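Next come the chains, spelled out residue by residue.
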Amino acid sequence: MDTMRLERVREFEWRIPATGPMRVPGVIFASEQLLREMDDNVAHQVRNVASLPGIVGASYAMPDAHWGYGFPIGGVAAFDPAEGGVVSAGGVGFDISCGVRTLHTGLTRGDLQRVKAPLAQALYGAVPAGVGSTGTIHLSAHEMDAMLAGGAAWAVSRGWGRREDLPHIEEHGSMAGALPEAVSEQARKRQRNEMGTLGSGNHYLEVQEVEAVLDRDLAAAFGLHQGDVVMSIHCGSRGLGHQVATDYQRRMVNEAAREGRALPDRELAWAPIESELGTAYLGAMGAAINCALANRQIITALARDAFDAVIPGAQLSLLYDVSHNTCKRETHRVDGRERELYVHRKGATRAWGAGREGLPEGLKAVGQPVLIGGTMGTHSYILAGNSQDEGEGEAHGFSSACHGAGRAMSRRQATRTWNGRDVVKELETRGVLVRSPSLKGIAEEAPGAYKDVSAVVDATQRAGLARAVARLRPVVCIKG
Amino acid sequence: MTNRWEHFHHQSDIGVRGIADTLAGAFEQAALALTAVVTDPAGVTAGEEVIIHCEAPDPELLLVDWLNAVIYEMAVRGMVFGGFTVHIDGQRLTAEARGEGVEVARHAPAVEVKGATYSGLQVGRNEAGEWVAQAVVDV
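Cut-offs and rules
- Residues numbered from 1 in each chain as written.
- Chains lettered and ligands numbered in written order.
- Predicted model: local features only at pLDDT ≥ 70, side-chain atom pairs only at ≥ 80, totals over all residues.
- Heavy atoms only, no water.
- Phe/Tyr/Trp six-rings, centres within 6.5 Å; stacked < 30°, edge-to-face > 60°.
- Helix = DSSP H or I, 4+ residues; strand = E, 2+ residues; numbered from the N terminus.
- Lys NZ or Arg CZ within 6 Å of the ring centre and 35° of its normal.
- Disulfide = S-S within 2.5 Å.
- Buried < 20%, exposed > 50% of the residue type's maximum accessible area, 1.4 Å probe, protein only.
- Axes fitted to C-alpha atoms, helices over the stretch in contact; angles between N-to-C directions.
- Parallel < 35°, antiparallel > 145°, perpendicular 65-115°, else oblique.
- Left-handed = near helix turned anticlockwise from the far one by under 90°.
- Contact = heavy atoms within 4.5 Å.
- Nonpolar A, V, L, I, M, F, W, Y, C, P; charged D, E, K, R; others polar.

A. Expanded view of the packing of aromatic side chains. Residues and elements named next belong to chain A. For the coordinates displayed, the defined rule picks out seven aromatic pairs over all chains. With centroids separated by 5.9 Å and ring planes inclined at 5°, the aromatic side chains of Phe 29 and Tyr 60 adopt a geometry described as stacked. Taken together, the positions of Phe 29 in strand E3 (residues 26-29) and Tyr 60 in strand E4 (residues 55-69) put the pair 31 residues apart, joining distant regions of the chain. Aromatic ring contacts, followed pair by pair, group Phe 29, Tyr 60 and Phe 398 into a single cluster. We note Lys 346 situated over the ring of Tyr 69; from NZ or CZ to the ring centre the distance is 3.8 Å. In this structure, Arg 350 is placed above the aromatic ring of Trp 352, and the distance from its NZ or CZ to the ring centre is 3.5 Å.

Take a look at the structure:
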């Protein structure tokens, strides 16, 4: 990206002044190096988002931002319904509530080395992954409605997981305001065989080792120590969420044409939050969030069974579950007053600081765990949200942080550069066991196709968005 | 020039493009480019037929609807398609998609497609007078 058109506000904060149709400025949180590596389209998309009605504060991009469609991936924008604010299906994306959850396993590095191969095989056998894989759970119409209304709480009530998991999930495992009736029959059909499946692309289940503790006090509060083994799951709302996005983007494009709304990009089609379409989308999106939370809860139960088969008595307790493609109603302090805003995070993680209502008791004193996925061959990170009393909401991108490394190379470039079999072998020599049905998928997801996640996390911390707590190294990776 | 498909660059997702001497042909080729995101279309046995209907006020929206309809059929039927015959009459599209159920060992599917976006969306003629239909799809 050409940095000449940006104002450097702080070392890790760059401002795009509001010009032309922009209602607010743009803000990109990044190091100079990360910014130079970003595509110019990121700045273009940040400007476009800044022109949407009712936007508050600024249009933000996180340090892992990259060229998306409509919104940049890594984009954050908050809208005030009292000022004609809007909701955009493109501002949430296709994989609604895609996210990461991390569980303690109670094991240490030494324990894991003894069972690594059978555990990899057991997990690969237990969790359906990849294109065309199907789950064994097929919901009736009534159960589908219950799942869409209840999320992870529904899954727990049906035997997948434990009640004590729920406080460690955003929204306590159940998104309020979900409207199952706003989810189309097509979306339900796409989910028919996909409950409890991982999907493909960048989704994974990993067994990881805490390689380094980066903040002793926060790590202790999160129950993490060097050499501990954790398990992380990265996936989303599967076919149902994809179809909800498809359905409502189309309806918003139709409405834009009917109302004569000028859009800088059709992908940015929106509906007023306080409108029939806006309400329907928010309800359907809430139901898709519940689908994602239920899906990660079921996969957790499948993985717990696999652990138990290899290590009888293994206890996996949930550290936290975050979502990074959402639009949620939140209270933020802006211009000296509390305001109810609808915060879009597209490829960005909520990062609530200490004291925030909604965090479980054990985490309220330290802030929310922010789970950042890396690649099969690099690190993942656990961060903690920053305290809100350090400034107003918009100073922290409305309590948001990065979500991952972000692609540096397209899938096509990756398959031309790497061979899946070689990637698996090379990772094995580095101590990472990869199990996947797709060698081409592995080539597309080769670690070298992604940006340096450590640089992204460093910039996130130095921009004041979150604090780094622990660095994780993959040991077993199940890829879709 | 022959009818053909290709992928075009997008950093995180994939652009699909169909080029042909007719609008319907460009839509057929764009759908083959979509299949090629998942697996090699030449390796798909075009045995089972699925009929698809769409309707949209302009050719660009019709392309998005067409690609999304193919994505939907792939997802709910667990199929990949290796052949398409498209008829376009004004705002209406009728098509026959031919394919088979996904076999992981044989098709080695790389990634599932979530949906077609409005990014990079273009339908029109190129300098050589051929029809081009393209969009970015989310994977």
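B. How the structure looks around the state of the cysteines. All names here are of chain A. Within this structure, the stated rule accounts for zero disulfides over all chains. No disulfide involves Cys 477; its sulfur sits 13 Å from the nearest other cysteine sulfur, which is in Cys 235. Residue classification places Cys 477 among the buried residues on the basis of a relative accessible area of 0%.

C. Focus on the packing of helix H8 (residues 238-259) of chain A against helix H2 (residues 59-77) of chain B. In contact at an axis separation of 12 Å, H8(A) and H2(B) are set at 165° when each is read in the N-to-C sense. The orientation of H8(A) with respect to H2(B), classified from their angle, is roughly antiparallel. Crossing angle aside, the handedness with which H8(A) passes H2(B) is left-handed. Between H8(A) and H2(B), the contacting residues are A:Gln243, A:Thr246, A:Arg250 and A:Val253 on the first element and B:Leu61, B:Asp65, B:Asn68 and B:Tyr72 on the second. When grouped by side-chain class, the residues that make up the contact of H8(A) with H2(B) number three nonpolar, three polar and two charged.

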